[in-house]
Amino acid sequence: MYDSPTYLMYETVRLVRRTGARMFPGQPRMPHLLVLWCVARSGPLSQRDVAERLRMDAGDLVGIVDALEEGGHVRRRRDPADRRRYALEATEDGRAFLEEGLLARRRLNEVLFEPLSPEERRLLREMLLRVLAHHDDRFTDLAPDDDAPRYEGPAPRERVVTPQVEAEARRQAHQETDAGSAMRDRASS
């Protein structure tokens, strides 16, 4: 596993979460920060627009928006373009909360990536952007290598794995394992 970039990224994400929670208790988690950033930067936006821009599951977004609204960071208003739906916009408190959250994230980056030189940090960022741009058009303009091949198809949607989906996958894997064992037993007898 130690030679797998995906495993190392998984462990890095876990490190980010643990360290962030320890350093900045009460700061918004990344999904909340992303939604607030999107709305502050491009709002007012419908929840559907936010979900599409961030490639988030619309069901997950509802809870995030509810928490941001309860905290006074966003407000829902009737969309003037379509009175049947609501548009989200950042409040002044939300913009201040976003700045505080972004500042905390910058400090978190400094702590987490302290072992890397500035050049290594830049290189890591560029490599991550290049991988993301290959698979997701939202990152295309940010990737440093203009000659790199680009993903031309539709933007991939992130697969949402619920506990039910995980349980079903485990059940199927268990059935396949049992079937394989039974076939090997029959073949050896």
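Residues numbered from 1 in each chain as written. Predicted model: local features only at pLDDT ≥ 70, side-chain atom pairs only at ≥ 80, totals over all residues. Heavy atoms only, no water.

The protein chain goes by MarR family transcriptional regulator in an unreviewed UniProt entry, where it is assigned to Actinomadura violacea.

Participant: Now, about unusual backbone geometry: what can you tell me, with residues and values included?
Facilitator: For Arg55, which is not glycine, the phi torsion reads 55° and is therefore positive. Counting through the fold element by element, Arg55 comes out in the loop between helix H3 (47–54) and helix H4 (58–70). (Helix = DSSP H or I, 4+ residues; strand = E, 2+ residues; numbered from the N terminus.)

Participant: Which residues make up the nonpolar core, and what values go with them?
Facilitator: Judged by nonpolar contacts, the single largest core of 20 residues is most densely connected at Val35, Leu36, Val50 and Leu61. Put simply, the parts of the chain that give this core at least two residues each are helix H2 (30–42), H3, H4, strand S3 (82–90) and helix H5 (92–112). Looking at this core, the element that brings in the most residues is H2, giving six residues. Setting aside its immediate chain neighbours within four residues, Leu36 contacts Leu68, His73, Val74, Ala90, Gly94, Phe97 and Leu98. (Core = buried A, V, L, I, M, F, W, Y, C linked by side-chain atoms within 4.5 Å. Buried < 20%, exposed > 50% of the residue type's maximum accessible area, 1.4 Å probe, protein only. Contact = heavy atoms within 4.5 Å.)

Participant: Describe the pattern of salt bridges, listing the residues and the values that go with them.
Facilitator: Overall, the coordinates contain 10 salt bridges when judged by the stated rule. Across the salt bridge formed by Arg76 and Asp66, the nearest N and O atoms sit 2.8 Å from each other. Taken together, the residues span a long stretch of sequence, with Arg76 in strand S2 (residues 74–79) and Asp66 in helix H4 at a distance of 10 residues. A salt bridge links Asp136 to Arg138, with the nearest nitrogen and oxygen atoms 2.7 Å apart. (Salt bridge = Lys/Arg side-chain N within 4 Å of Asp/Glu carboxyl O.)

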